Amino acid sequence: MSKVFIFGAPGSGKTSTSRYLKLLLNYPLVEGDYIRECIARLTKTREQDAYLYMSTKETWRNFGPLNEENMRKGLEASRQSMKPFLDNEIAIHDGNLILEGCFLDPEYSKLGPFFLVVTRDEVRHREQFFKHRPQDQNNEELFRASRVLQEVLMQTAQQYCMPIIANEGPGATAKVIAEQLQ
């Protein structure tokens, strides 16, 4: 039995990769954003926990200007807000599981392999980011935040000696991860 953790910045390809990986491994997949949007918000109001109502790429705003330090603070706030809900999902799935999300705590690496999916090329990352989002001023700022977040996550992966997987398309990236799991 194995738990597999996939994290990455918004638009990096982590969700698409996780969906392909689910097909390759035949493991259940739990998407972190789904937990936030459909489970966590049922238990707490915005006043009780504002971070349940913010995407991770926005949380830096509560700490000041967009920079790595404030992004780290926002990421940690997201992780703390989501921890009880993620812990519950992990407990529910006592067998195999793929858990995907930007805000996954690297401490979960004690439970199974952790992979960071990145899109280093900014032009390609931009295309992926805006595939399902309008290209407006707010989302332009959130794309810049996503690029900063990717740098923060890469530093985290290096610190914890986690594989950093370059997104070469969701199917190809999922195959690389599946091969590393064997």
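Calculation notes
Residues numbered from 1 in each chain as written. Predicted model: local features only at pLDDT ≥ 70, side-chain atom pairs only at ≥ 80, totals over all residues. Heavy atoms only, no water. Helix = DSSP H or I, 4+ residues; strand = E, 2+ residues; numbered from the N terminus. Buried < 20%, exposed > 50% of the residue type's maximum accessible area, 1.4 Å probe, protein only. Areas by Shrake-Rupley, 256 points an atom, 1.4 Å probe, with all protein chains shown as cover. Pairing = 2+ DSSP bridges. Axes fitted to C-alpha atoms, helices over the stretch in contact; angles between N-to-C directions. Parallel < 35°, antiparallel > 145°, perpendicular 65-115°, else oblique. Contact = heavy atoms within 4.5 Å. Nonpolar A, V, L, I, M, F, W, Y, C, P; charged D, E, K, R; others polar. Core = buried A, V, L, I, M, F, W, Y, C linked by side-chain atoms within 4.5 Å. Expected span 1.5 Å × (residues − 1).

Of regular secondary structure, the protein possesses 6 helices and 5 strands. The linear arrangement of helices and strands in the protein, starting from the amino end, is β-α-β-α-α-β-β-α-α-β-α. Principal-axis analysis of the C-alpha atoms places the extent of the protein at approximately 45 × 40 × 30 Å. When the 182 residues of the protein are sorted by exposure, 49% land in the buried category. As displayed, the protein offers around 9,000 Å² of accessible surface, 49% of which is attributable to carbon and sulfur atoms.

As a further point, take the side chain of Thr156. In this fold, Thr156 is placed in helix 5 (residues 137-159). For Thr156, a relative accessible area of 7% translates into the label buried.

Within strand 1 (residues 3-7), 5 of the 5 residues are buried, which leaves the element mostly enclosed by the surrounding structure. Because side chains alternate across strand 1, one face comprises the buried residues Lys3, Phe5 and Phe7, and the other comprises Val4 and Ile6, equally buried. Of the pairings in the sheet, the one linking strand 1 to strand 3 (residues 97-100) comprises 4 bridges and is parallel in character. Pairing of Val4 across the sheet is with Ile98, part of strand 3. Strand direction decides the pairing type here: strand 1 and strand 4 (residues 114-118), joined by 3 bridges, are parallel.

The next subject is the packing of helix 2 (residues 32-43) against helix 3 (residues 68-92). Where helix 2 meets helix 3, the closest approach of the two axes is 10 Å, and the angle between their N-to-C directions is 95°. Classified by the interaxial angle, the pair formed by helix 2 and helix 3 is roughly perpendicular. Two secondary-structure elements touch here, helix 2 through Gly32, Ile35, Arg36, Ile39, Ala40 and Thr43 and helix 3 through Ser78, Met82, Phe85, Leu86 and Glu89. Residues of the contact of helix 2 with helix 3, tallied by class, amount to 6 nonpolar, 3 polar and 2 charged.

Once that is clear, we can look at the nonpolar core. Residues Phe7, Met82, Leu86, Leu99 and Leu153 are the most contacted members of the largest nonpolar core, which totals 30 residues. Those residues in contact with Phe7 that sit more than four places away from it in its chain are Lys14, Gly101, Cys102, Leu104, Phe114, Phe115, Leu116, Val117, Leu153, Ala157 and Met162.

Compared with an ideal rise of 1.5 Å per residue, which puts 12 residues at 16 Å, helix 1 (residues 14-25) spans 16 Å between its outermost C-alpha atoms and is within 8% of the ideal. Buried residues in helix 1 make contact with strand 1, strand 2 (29-31), strand 3, strand 4 and helix 6 (170-181). Directly beyond the C-terminal end of helix 1, a positive phi value near 60° is found at Asn26.

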